[in-house]
Amino acid sequence: MEILGYIGYGLLVIGGIFLFLGALGIYRMPDLYNRLQAGTKATTIGAMSAILGVGFIEPAWMVKTIIIVIFIAIANPLSSHALARAAYKAGLKPIMKKKIDAYEKVQDIEVKEEVKL
Amino acid sequence: METVFIIVLSLMALGLLLGFLRFVKGPTAADRAVALDTMSVIATAALVLLGLMFKRYIYIDVALIYAVLGFIGVIVIARFIEKAL
């Protein structure tokens, strides 16, 4: 009981720190894609860790917290992927020092295949 | 152990404040959608933690519904941006 409580408090503090760092990345990063990277990955691990910590502190709530954690693990990468795809197709170009844009070539290939068909 | 709750909740509140500043400032609509996504996830974790602090089991259900609605909203906004920005 005691050990589970201490694990829960540790997970809670780790989750809080990751959530704050994700929001700091949202505010400080220069570009939409950098903001998406910082704000989605750090927030995913932070929210999962904090909610699991609550489940460890109060073991009667474990089932519903695990349901929320599984939902966040599925839904958060999906929404970040949809946002990045939408921003790229709407014409926002990423800031890059080395000009490597693999998705542009993929789109060219798709367009050529459509023309052939 | 109240101090741990207060520290974590203040970190989450600072995160919500930074997300809201980006939501106000953001140059394009996609930036605002990213900030909204981050804020909804932070608010989900904060609701679960508040439910533990106040000993209210119903807050877990509220957090689950809030996570589902935030996800659906972000997907809809992304679809809308993809067509016309």
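Everything in this summary refers to the structure shown in the same document. Nothing here was measured: the structure is a model prediction, and the numbers come from that model.

Contacts between the two partners involve 42 residues from chain A and, on the opposite side, 39 residues from chain B. Elements with a contribution of two residues or more to the side of chain A that touches chain B: α1 (2–28), α2 (32–57) and α3 (62–89) of chain A. Per-element accounting of the side of chain A that touches chain B gives the leading share, 15 residues, to α3(A).

What follows deals with the nonpolar core. Counting 54 residues, the largest nonpolar core has Leu19(A), Ala50(A), Ile51(A), Leu83(A), Ala33(B), Ala45(B) and Val48(B) as the members making the most contacts within it. Of all the secondary structure elements, the ones that give two or more residues to this core are α1, α2 and α3 of chain A together with α1 (2–25), α2 (29–54) and α3 (58–83) of chain B. Per-element accounting of this core gives the leading share, 14 residues, to α2(B). Residues contacting Ala45(B), with those up to four places away along its chain left out, are Gly15(A), Leu19(A), Ala47(A), Ala50(A), Ile51(A) and Met12(B).

Glancing now at the environment of Leu52(B). Note on placement: Leu52(B) falls in helix α2. For Leu52(B), a count of 21 C-beta atoms within 10 Å gives the class buried. Taking the C-alpha atoms as reference, Leu52(B) lies 9.3 Å from Phe5(B); in sequence the two are 47 residues apart. Residue contacts for Leu52(B): discarding those within four places in its chain leaves Val54(A), Ile57(A) and Glu58(A).

What counts, and where the lines are drawn
- Residues numbered from 1 in each chain as written.
- Chains lettered and ligands numbered in written order.
- Predicted model: local features only at pLDDT ≥ 70, side-chain atom pairs only at ≥ 80, totals over all residues.
- Contact = placed C-beta atoms within 7 Å.
- Helix = DSSP H or I, 4+ residues; strand = E, 2+ residues; numbered from the N terminus.
- Core = buried A, V, L, I, M, F, W, Y, C linked by C-beta atoms within 7 Å.
- Buried ≥ 20, exposed ≤ 12 C-beta atoms within 10 Å, placed from the backbone.

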